[in-house]
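Here is what each chain is made of, one letter per residue.
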Amino acid sequence: MITVKNLHKSFGNNEVLKGINCEIAEEEVVCVIGPSGSGKSTFLRCLNLLEAITDGEVIIDGDNLGDPKININKIRTEVGMVFQHFNLFPHKSVIENLMLAPMKVRKISKAEARKRGMDLLEKVGLAEKAEQYPSQLSGGQQQRVAIARSLAMEPKLMLFDEPTSALDPELVGEVLEVMKRLAMDGMTMVVVTHEMGFAREVCDRVFFMDEGVIMEEGNPNQIFTDPQNKRTQAFLNKIL
Amino acid sequence: MLERLERFNWASVIDFLPNLGTGLYYTLLISVVGLLIGFILGGIFGLGRISKNKFFYVVSSVYIEVVRGTPVLVQAIWVFYALPLITGYNMASVAAGIVVISINSGAYIAEIVRGAVQSIDKGQHEAGRSLGLNQSQTMQYIIWPQAFKRMIPPLGNQFIISIKDTSLLSVILVPELMFQGRLIASNHFNAVEIYTTVAVFYLVITLSLSYILRYVERRLDIQ
């Protein structure tokens, strides 16, 4: 579903991604771990072109994101993104947050959008919060709404950029629970995370990134119990 | 002091109310029309200041800097006395007054618009774009409504400044409040009574505006 070939990304003279290569299959759940500054988030943001690609190829479902003629808005409707700081729209109620893009981009009717939105809120356990505003919700609830908002566009792929890093510890579980269910439903997911428990339990594959490249990849069991690369060992020693 | 105040004929002000009323009419006309156009100019050139289009950016910057860098009085006199010599068209003083207030307030409002839009968290823009909304939809549905709310207090400030600036238009013969007051005072030697009344008129306008804006702000603050 995703093919990344020799992906480079520079900010001015600062090269953040130095040649990333990977393949991610449909329904696969990939966790990206690594020290801060290793380029994890930048890599993720290149997958929906929130960052322009400096060099190399990113092909999602046959569409090459490097192609200047590509309709980026159309790609983005297929690729959902969940942010560290939720980024809900504070001037809209929870249900309106979910209805906006389906109505404006997919052009579905208001009633249809509301119905779909309510179904999704039900799924993340927040149907009773539909008419409230984001500021009235806890961090964990906000992030669950943000996940539902992305799902409202019925994406084929979901990107998670440290979705639990801004949450109080006791709120992390409810968000991971939603993500876990999503993974079990067969969603293709790329998750940048510091939650090693989640990576271990839910992911099919783990990428360890450092210094702008994928230093090591493998199934979670192998990465966490028997890392081959010295950098992976050092990193895991520090955090586990 | 008290004795001096008693010498003034405050009741006589009533006789001049129709003239002052005419002045008030022009003051309000120029303020409302000028600020309406200024708001549109501000919206356009404020977005120009954050535009990636170089030409639009440069035009907006030059406009804002020139207007902010010159006094309103100079702008008024230039538009009314100098501009016709360049264009060959004479402008009615009221029209010239509206042009001055529009262009002047537009530049300041542009900076208010720019500041408000830039104050919205970058994540809001990214969230909109990542849902597949295009640039203008993201502006329209996500950035602008949030920015607008933040613009209200500084806009209120600018409205009040511009309303008071209309008094300077008396030098280009706009028959507004200050112009009428000067006319009456110089003919009837009642400077204290008339100028005090004129000041009260301005105060009533600006206080009412503050009140309305506070009401709007509260209404928008539903959360």
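The name given to chain B in an unreviewed UniProt entry is Glutamine ABC transporter permease, with Oceanobacillus indicireducens as the source organism. Quoted verbatim from the Sequence similarities (unreviewed entry) field of the UniProt record, the comment on chain B reads "Belongs to the binding-protein-dependent transport system permease family. HisMQ subfamily." Heading Subcellular location (unreviewed entry) of the UniProt record for chain B holds this comment: "Cell membrane".

Looking at an unreviewed UniProt entry, one finds chain A named Peptide ABC transporter ATP-binding protein and attributed to Oceanobacillus indicireducens.

Student: Would you explain the pairing of strand E8 (residues 188-192) of chain A in this entry?
Tutor: Moving residue by residue along a regular strand, the side chains alternate between the two faces of the sheet. Residues and elements named next belong to chain A. Taken across its five residues, E8 has five buried, putting it largely inside the fold. Side-chain alternation along E8 places Thr188, Val190 and Val192 on one buried face and Met189 and Val191 on a second face that is also buried. Where strand E3 (residues 29-33) and E8 come together, four bridges link them in parallel fashion. Note that in E8 the partner of Val29 across the bridge is Met189. Two elements, strand E7 (residues 157-161) and E8, share five bridges in a ladder whose sense is parallel. What sits directly across from Asp161, in E8, is Val192.

Student: I'm lost on the confidence of the model for chain B in this one. Help?
Tutor: In low-pLDDT regions, the fine details of the predicted coordinates are not to be read closely. Residues with a pLDDT of 70 or more make up 99% of chain B, whose mean pLDDT is 93. Scored as a complex, the prediction yields pTM 0.84 and ipTM 0.91.

Student: Sorry, what's going on with the packing of aromatic side chains here?
Tutor: Aromatic rings in a pair are described by how distant their centres are and how their planes are angled relative to each other. As enumerated under the stated definition, the model contains six aromatic pairs over all chains in all. Each ring, one from B:Phe8 and one from B:Trp10, has its centre 6.5 Å from the other, and the planes form 80°; the classification is edge-to-face. An angle of 45° between the planes, with centres 4.7 Å apart, marks the rings of B:Phe45 and B:Tyr63 as tilted. Of the two residues, B:Phe45 is situated in helix H2 (residues 13-49) and B:Tyr63 in helix H3 (residues 54-68); the sequence distance between them amounts to 18 residues. On the accessibility criterion, B:Phe45 (17% relative accessible area) is buried. Owing to a relative accessible area of 14%, B:Tyr63 belongs among the buried residues under this scheme. Over the ring of A:Phe11 we find A:Lys9, and its NZ or CZ is 4.9 Å from the ring centre.

Student: What's the story with the pattern of salt bridges in this structure? I'm lost.
Tutor: Charged atoms that come close allow side chains of opposite charge to pair. Evaluated as defined, the whole model comprises 21 salt bridges over all chains. Put simply, A:Arg205 and A:Glu217 hold a salt bridge, and the shortest N to O gap is 2.5 Å. Of this pair, A:Arg205 sits in strand E9 (residues 205-210) while A:Glu217 sits in strand E10 (residues 213-218); the two residues are 12 residues apart in sequence, bridging distant segments of the chain. When its relative accessible area of 16% is taken as the criterion, A:Arg205 is described as buried. Note that B:Lys122 is salt-bridged to B:Glu126, the shortest N-O span being 3.5 Å. Placement of the pair is B:Lys122 and B:Glu126 together in helix H6 (residues 122-130), with a separation of four residues, close to one helical turn. Given the relative accessible area of 59%, B:Lys122 is considered exposed. Residue B:Glu126 is classed as buried on the basis of its relative accessible area of 10%.

Student: Help me understand the interface of chain B and chain A in this model?
Tutor: By a widespread convention, an interface's size corresponds to the accessible area lost as its parts come together. Taken together, the contact between chain B and chain A spans 20 residues of the former and 25 residues of the latter. For the chain B and chain A pair, buried surface summed over both sides reaches about 1900 Å², with 59% attributable to carbon and sulfur atoms. Here chain B is connected to chain A by one salt bridge. Salt-bridge contacts for A:Arg45 lead to B:Glu126; the nearest nitrogen and oxygen are separated by 2.5 Å.

Student: What should I look at first to understand the side chain of A:Lys9 in this one?
Tutor: All names here are of chain A. With respect to the helices and strands, Lys9 occurs in strand E1 (residues 2-11). The side chain of Lys9 sits in the buried core without any salt bridge; Glu51 is the nearest counter-charge, 4.2 Å away. In terms of polar contacts, Lys9 uses its side chain to reach the backbone carbonyl oxygen of Ala52, at 2.8 Å. Setting aside its immediate chain neighbours within four residues, Lys9 contacts Asn14, Glu15, Val16, Leu17, Thr42, Cys46, Glu51, Ala52 and Thr54.

Student: It is not clear to me how the sheet that holds E3(A) should be interpreted in this structure. Could you clarify?
Tutor: Within a sheet, each strand pairs with its neighbour through backbone hydrogen bonds, oriented either parallel or antiparallel. All names here are of chain A. If you walk across this open sheet you meet the six strands as E6-E7-E8-E3-E9-E10, and the pairing is mixed. Unpaired on one side and paired on the other, strand E6 (79-82) and E10 mark the two borders of the sheet. When strand polarity is set aside, the average angle formed by the axes of neighbouring strands in this sheet is 20°. In terms of strand pairing, E9 meets E10 through five bridges, oriented antiparallel. Pairing of Asp210 across the sheet is with Val213, part of E10.

Student: Looking at this model, I keep getting lost on the UniProt feature "transmembrane region" (unreviewed entry) in chain B. Mind explaining?
Tutor: Residue and element names in this part refer to chain B. Those residues carrying the UniProt feature "transmembrane region" (unreviewed entry) are residues 24-48, 55-83, 89-110, 155-174 and 194-213 in this numbering. Overall, residues 155-174 shows 55% helix and 0% strand. The separation of its end C-alpha atoms is 25 Å. Secondary structure over residues 194-213 splits into 100% helix and 0% strand, and the C-alpha atoms at its two ends are 29 Å apart.

Student: Would you take a moment to explain the environment of B:Ile142 for this structure?
Tutor: Of note, B:Ile142 is situated in helix H7 (residues 135-165). The sequence separation of B:Ile142 and B:Ala127 amounts to 15 residues, and the corresponding C-alpha distance is 9.4 Å. The contact partners of B:Ile142, leaving out residues within four places of it in the chain, are A:Phe89, A:His91, A:Leu100, B:Gln124, B:Gly128, B:Leu133 and B:Gln137.

Student: For this particular structure, what's the right way to read the nonpolar core?
Tutor: Judged by nonpolar contacts, the single largest core of 62 residues is most densely connected at A:Ile2, A:Val4, A:Leu7, A:Phe43, A:Leu47 and A:Val190. Top contributing element to this core by residue count: H7(B), with 11 residues. Formed by 49 residues, the second largest nonpolar core is a distinct cluster that contains A:Val145, A:Val178, A:Ala199 and A:Ile223.

What counts, and where the lines are drawn
Residues numbered from 1 in each chain as written. Chains lettered and ligands numbered in written order. Predicted model: local features only at pLDDT ≥ 70, side-chain atom pairs only at ≥ 80, totals over all residues. Heavy atoms only, no water. UniProt positions renumbered as here; feature names shortened; annotations may be inferred. Buried < 20%, exposed > 50% of the residue type's maximum accessible area, 1.4 Å probe, protein only. Helix = DSSP H or I, 4+ residues; strand = E, 2+ residues; numbered from the N terminus. Pairing = 2+ DSSP bridges. pLDDT = per-residue confidence, 0-100. Phe/Tyr/Trp six-rings, centres within 6.5 Å; stacked < 30°, edge-to-face > 60°. Lys NZ or Arg CZ within 6 Å of the ring centre and 35° of its normal. Salt bridge = Lys/Arg side-chain N within 4 Å of Asp/Glu carboxyl O. Contact = heavy atoms within 4.5 Å. Buried area = accessible area lost by both parts, 1.4 Å probe. Lys, Arg positive; Asp, Glu negative; His and termini not counted. Polar contact = N/O pair within 3.5 Å; in protein donor to acceptor, adjacent residues only side chain to side chain. Axes fitted to C-alpha atoms, helices over the stretch in contact; angles between N-to-C directions. Core = buried A, V, L, I, M, F, W, Y, C linked by side-chain atoms within 4.5 Å.

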